[in-house]
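Working through the structure, step by step
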Amino acid sequence: MNGYNLLEITLRNILHAINPSREDWTVRFHIIAELRAVVESIENLRGATVEPYGSFASDLFTKWGDLDISIELPNGSYISSPGKKHKQSLLGDVLKALRRKGGWRKLQFISNARVPILKFEGRYNISCDISINNLIGQMKSKLLFWINGIDGRFRDLVLLVKEWSKSHNINDPKSGTLNSYTLSLLVAFHFQTLEPAILPPLRDIYPGNMIDDLTGVRAVAEKRIEETCAVNINRIKSERSRLINRSSLSELFISFLAKFFEICSSASAQGVSPYAGQLEDIDSNMRWLPRTYALFVEDPFERPVNTARTVGRNQLMKILEAVRATHQVLISSNQNQTSLISNLVRPQITHLVARMPIRHQATAQSMPRTPYSNNGWTHHHVRRNQIPGQVQQQFQNTRVDNSQNGTMNGQVQNTRVDNSRNGTMNGQVKASPSQRQQVWRPVPER
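A short tour of the structure in this document, coming up. Just so we're clear, the structure is a prediction, and the values are computed from it rather than from any experiment. Each chain carries its own residue numbering, running from 1 in the written order of its sequence. Thresholds applied to this predicted model are a pLDDT of at least 70 for local features of residues and 80 or more for the giving and counting of side-chain atom pairs; totals over whole chains, interfaces and linings are not thresholded and use all residues. Excluded from the side-chain calculation are hydrogens and water; included are all heavy atoms of the structure.

1. Thoughts on the nonpolar core
Inclusion rule: Buried Ala, Val, Leu, Ile, Met, Phe, Trp, Tyr and Cys residues that are joined via side-chain atoms within 4.5 Å together make up what is termed a nonpolar core. Note on classification: 1.4 Å probe, protein chains only; a residue is buried when its accessible area is under 20% of the maximum for its type, exposed when over 50%, partly exposed between these limits. Secondary structure elements follow DSSP: runs of H or I no shorter than four residues count as helices, runs of E no shorter than two count as strands, and numbering proceeds from the N terminus. Residues are treated as being in contact if the distance between any of their heavy atoms lies within 4.5 Å.
One finds Phe154, Trp164, Phe253 and Leu344 to be the most contacted residues of the largest nonpolar core, which totals 76 residues. When residues in this core are grouped by element, the largest group, nine residues, is from helix H10 (residues 249-265). The residues touching phenylalanine 253, leaving out its near neighbours within four places in the chain, are Leu11, Leu157, Leu160, Val161, Trp164, Leu330 and Leu344. Residues Phe29, Leu95, Ala97 and Phe120 belong to the second largest nonpolar core, which totals 31 residues.

Here it is, written out as structure tokens:
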């Protein structure tokens, strides 16, 4: 077996080990339900809704992933922006309610953060972060979820990169390294700059600055963004002249590390723009001046915010070394499964991957997506026979349609990515007319 085949199989086995199971989805729904009950018991939060965002909502979480929650305050139908002190006060009320109820651990109120957050651990050892009125976070999550629909390798590589970065202790913004959102944007940037490209510049999906467009009536603002993205994504996927990138997952991972090393090496002079799909000179970009960051990765939905602003110069060198060392192992002619696994996953996960049989058949296809519907936004690509009955009952009326003009009621319609016989995802996104018109409807538990 050559090195690329071994790496491909190892990456597939890692995906199989870290992908969330049905139980992992169910646990998070239980936490959301419990938090909703807590919020409903707080007088100052009557009428507020509890809405997930982040990696869970974008379907970019592993089985150990955190759960991000936004408490959306009632303000009629308009988008509101409560002041920082008001958010701090409300999160203080939530903290008191959680303590009264009991069963929540490691409660920590980070009141002076740029966005005040209440952190804690749920009953199932799932870390949770609660914020107030984080609509921009919810919309960013939707955009990443919709990008998944263009090519399924995006999700696979994001999960693998997140696990690899955790294994090298470079996925911790509190210690001056990278947050998971930045890693997702770096994967998107990698896919944009391949030849041929897998993803377009994100301005081709949403040309505006989303943070500026979230004003006025919430339903109208969200619909306008969703319709724009739907039309553009449908156009991108239907372009017959578009060249298909057939790179395997192992090839994509190796080339990602090479590009990431390039980005970090030139970080003093150039920043990453997933919006434009290119590196840009910092000195000639007035939005990014003054140059005060070790690494600049612009948020394509909240320009010119730097998503990598927590990365320090010393930690950038640590990131560079992790990338270099891993890349060297992956291209070595003397690699073996043990060396691969030890460089790609955390020690506590090694045994889950190492005990899997080596096989040529793809073993790590994405787990079913569990539907979540709240204020019109729905996860809908699921395997019906794997949805827990109690979750099914909550969503009997959930429905997702694509209208004739390409708009979407909460999500871009799902497509399928076919796996080739040797287990690599050859990049050919296929969806028959009948598949494109699928509508998710839960079925009673048997």
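The rest of the description comes next.
2. Some words on the sheet that holds strand S4 (residues 117-121)
Operational definition: Should DSSP find at least two bridges between two strands, the strands are regarded as paired. Angles run from 0 to 180 degrees between N-to-C directions of axes, and those axes are lines fitted to C-alpha atoms, restricted for helices to the stretch in contact.
One open sheet holds the five strands; their spatial order is S1-S2-S5-S4-S3, and the pairing between them is mixed. A strand with exactly one partner marks an edge of an open sheet, and here the two such strands are strand S1 (49-53) and strand S3 (105-110). On average, each strand axis in the sheet is inclined to that of its neighbour by 20 degrees, with strand direction left out of account. Here five bridges tie S1 to strand S2 (residues 67-72), and the two strands are oriented antiparallel to one another. When the bridges of S2 are listed, tyrosine 53 appears paired with aspartate 68. Here helix H2 (residues 22-40) sits on the sheet and contacts S1, S2, S4 and strand S5 (127-132); the angle it forms with S2, its principal contact strand, is near 30 degrees. Strands S1 and S2 of the sheet are contacted by helix H5 (residues 135-148), whose axis makes an angle of about 45 degrees with S1.

3. Structural notes on the packing of aromatic side chains
Test applied: Here a Phe, Tyr or Trp ring, Trp counted by its six-membered ring, pairs with any other such ring whose centre lies within 6.5 Å, and the pair is stacked when the planes are under 30 degrees apart, edge-to-face when over 60, and tilted otherwise. Whether a charge sits over a ring depends on NZ of Lys or CZ of Arg being within 6 Å of the ring centre and within 35 degrees of the ring normal.
All chains considered together, the criterion is met by ten aromatic pairs. When the centroid spacing of 5.1 Å and the interplanar angle of 50 degrees are considered together, the rings of tryptophan 25 and phenylalanine 56 count as tilted. Of this pair, tryptophan 25 sits in helix H2 while phenylalanine 56 sits in helix H3 (residues 55-58), and the two are 31 residues apart along the sequence. Among the residues examined, tryptophan 25 registers a relative accessible area of 1% and is labelled buried. By relative accessible area, which is 1% here, phenylalanine 56 ends up buried. By the ring-pair criterion, three or more aromatic residues cluster together here, those being Trp25, Phe29, Phe56 and Phe61. The ring of tyrosine 275 carries arginine 303 above its face, with NZ or CZ at 3.7 Å from the centroid.

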